[in-house]
Amino acid sequence: MLKVTLDLRCNVCGGERFMIPTLNDQEQDVRCADCHAFKCCSDALEETMASARRRLPHQDQWGYLAS
């Protein structure tokens, strides 16, 4: 498992660090690195991140735009 920071938030604790399985890992679940809550399956990670991105406020190259 790799511990990485993603552009996602844990629904349970709000953390942004997740445990990502490697090809050698038996379990293919992406879990919060802090509270170990299930986020998604590794095959659905790209779709999950794209979905979360659509729910965020619009960003430009310098960060979030004020609404």
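Thresholds, definitions, all that
Residues numbered from 1 in each chain as written. Predicted model: local features only at pLDDT ≥ 70, side-chain atom pairs only at ≥ 80, totals over all residues. Heavy atoms only, no water. Helix = DSSP H or I, 4+ residues; strand = E, 2+ residues; numbered from the N terminus. Buried < 20%, exposed > 50% of the residue type's maximum accessible area, 1.4 Å probe, protein only. Contact = heavy atoms within 4.5 Å. Areas by Shrake-Rupley, 256 points an atom, 1.4 Å probe, with all protein chains shown as cover. Salt bridge = Lys/Arg side-chain N within 4 Å of Asp/Glu carboxyl O. Disulfide = S-S within 2.5 Å. pLDDT = per-residue confidence, 0-100. Pairing = 2+ DSSP bridges. Axes fitted to C-alpha atoms, helices over the stretch in contact; angles between N-to-C directions.

Engineer: Got a minute to help me understand the overall build of the protein in this structure?
Structural biologist: If you tally the helices and strands in the protein, you get one helix and six strands. The burial tally for the protein puts 27% of its 67 residues in the buried class. Counting only contacts in the protein whose residues sit at least 6 apart along the sequence, the fraction spanning at least 24 positions is 20%. About 5100 Å² of surface is accessible on the protein, with carbon and sulfur atoms providing 51% of the total.

Engineer: Quick question: what am I supposed to make of the pattern of salt bridges here?
Structural biologist: Once their charged atoms are close, side chains differing in charge can pair, the charge on each being opposite to the other. With the rule as written, the count across this model stands at three salt bridges. For R31, the salt bridge identified is with D29, shortest N-O distance 3.4 Å. On the basis of relative accessibility, which here comes to 25%, the residue R31 falls in the partly exposed class. A single salt-bridge network, built from bridges that share partners, covers E27, D29 and R31.

Engineer: Any chance you could explain the state of the cysteines here in plain terms?
Structural biologist: Note: disulfide means a covalent bond formed between the sulfur atoms of two cysteine side chains. Counted under the stated rule, the structure contains zero disulfides. With no disulfide of its own, C13 has C32 as its nearest cysteine by sulfur position, at a separation of 3.6 Å.

Engineer: Looking at this model, I keep getting lost on the confidence of the model for the protein. Mind explaining?
Structural biologist: Atom-level detail of predicted coordinates should not be read off regions where pLDDT is low. The predicted model of the protein has a mean per-residue pLDDT of 82, with 79% of residues at 70 or higher. For the protein, per-element mean pLDDT is lowest for strand β5 (residues 59–60), which scores 51, and highest for strand β3 (residues 29–32), which scores 94.

Engineer: How should I be thinking about the side chain of D29 in this particular structure?
Structural biologist: In this structure, D29 sits in strand β3. D29 has contacts with M1, M19, P21, F38, C40 and C41, leaving out every residue within four places of it along the chain.

Engineer: Could you clarify how one ought to interpret the sheet that holds strand β4 (residues 38–41) in this entry?
Structural biologist: Across a sheet, paired strands are connected by hydrogen bonds in the backbone, their directions being either parallel or antiparallel. Strand order in the open sheet formed by four strands is β1-β2-β3-β4, and the pairing between neighbours is antiparallel. What marks the edges here is a single partner per strand, and that holds for β1 (2–5) and β4. Looking at each pair of strands side by side, their axes are set apart by 30 degrees on average, direction ignored. The pairing of strand β2 (residues 17–20) with β3 spans two bridges and is classified as antiparallel. Its bridge partner being in β3, F18 is matched across the sheet by C32.

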